[in-house]
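A structural walkthrough
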Amino acid sequence: MARAIDYGNLMHRAMRGLIQTVLEDVARNGLPGAHHFFITFDTTHPDVAIADWLRARYPEEMTIVIQHWYENLVVTDEGFSITLNFGNQPEPLVIPFDSVRTFVDPSVEFGLRFETHTQDADDDDDTADDPEEGAPPQAAEIVSLDKFRK
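Residues numbered from 1 in each chain as written. Predicted model: local features only at pLDDT ≥ 70, side-chain atom pairs only at ≥ 80, totals over all residues. Heavy atoms only, no water.

1. With respect to the confidence of the model for the protein chain
For the protein chain, the mean per-residue pLDDT works out to 81, and 76% of the residues sit at or above 70. Scored below 50 in pLDDT, residues 118-139 makes 22 contacts in the model with residues more than four places away or belonging to other chains. (pLDDT = per-residue confidence, 0-100. Contact = heavy atoms within 4.5 Å.)

The following block contains the structure:
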């Protein structure tokens, strides 16, 4: 079988790296100007760590806002941790980059959406013998900001 360049996964990693770089800068220097982020993530991801009551309230996905009040933003190669305020209750969260579904900065109309595309069972036969092809391809795309407008 011929080897192919997996542009979807390469783009996926590059866009997650962009989010990592932005959050590292915010962790060091704070949010500049009117910048703020809406980050939606998959709460079923095994490495997501959130309070039980948040997981019960958001069993599939959750959107957080990083804007006025946040503490303890720590960014690693795998993801980030942050403490946010939920009804005057500070809650720590651990969010792996692999769990992020959308990243939006409405102040500059910038957004990314990460989607997982599953293959049909017939398509799996082509990649079953190649361990490098085991993960389903994923793509990143620009999202509409209308969802986040007030």
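We are not done yet, so read on.
2. A word on the sheet that holds strand β4 (residues 79-85)
Ordered by their spatial adjacency, 3 strands build an open sheet running β3-β4-β5, and the pairing between neighbours is antiparallel. Edge positions in the sheet fall to β3 (70-75) and β5 (90-96), since each of these pairs with one other strand and no more. For this sheet, the mean angle separating the axes of adjacent strands, direction not counted, is 10 degrees. The pairing of β3 with β4 spans 4 bridges and is antiparallel. Across the sheet, V74 pairs through a bridge with S81, a residue of β4. Contacts from helix α1 (residues 7-29) reach β3 and β4 within the one sheet, and its direction differs from that of β3 by about 130 degrees. (Pairing = 2+ DSSP bridges. Helix = DSSP H or I, 4+ residues; strand = E, 2+ residues; numbered from the N terminus. Axes fitted to C-alpha atoms, helices over the stretch in contact; angles between N-to-C directions.)

3. Things to note about the packing of aromatic side chains
All told, the structure shown has 3 aromatic pairs when counted by the stated rule. Ring plane angle 85 degrees and centroid distance 6.1 Å describe the contact between W53 and F86, whose orientation is recorded as edge-to-face. In this pair, W53 sits in helix α2 (residues 52-57) while F86 sits in the loop between β4 and β5, placing the two residues 33 residues apart along the sequence. On the basis of relative accessible area, W53 is assigned to the partly exposed category, the value being 38%. Relative to F97, the ring of F80 has its centre 6.1 Å away and its plane inclined at 40 degrees; by these criteria the two rings are tilted. Remark: F97 occurs in the loop between β5 and β6 (100-105) and F80 occurs in strand β4; sequence separation between them is 17 residues. Each member of the pair, F80 as well as F97, is classed as buried. Lying over the aromatic face of F114, R16 brings its terminal NZ or CZ to 3.7 Å of the ring centre. (Phe/Tyr/Trp six-rings, centres within 6.5 Å; stacked < 30°, edge-to-face > 60°. Buried < 20%, exposed > 50% of the residue type's maximum accessible area, 1.4 Å probe, protein only. Lys NZ or Arg CZ within 6 Å of the ring centre and 35° of its normal.)

4. Thoughts on unusual backbone geometry
For residues other than glycine, phi is negative in most cases, and the peptide bonds are mostly trans. Unusually for a residue other than glycine, N72 sits at a positive phi of about 55 degrees. Despite not being glycine, N88 shows a phi value in the positive range, around 65 degrees. With respect to the secondary-structure elements, N88 resides in the loop between β4 and β5. With a relative accessible area of 70%, N88 lands in the exposed category.

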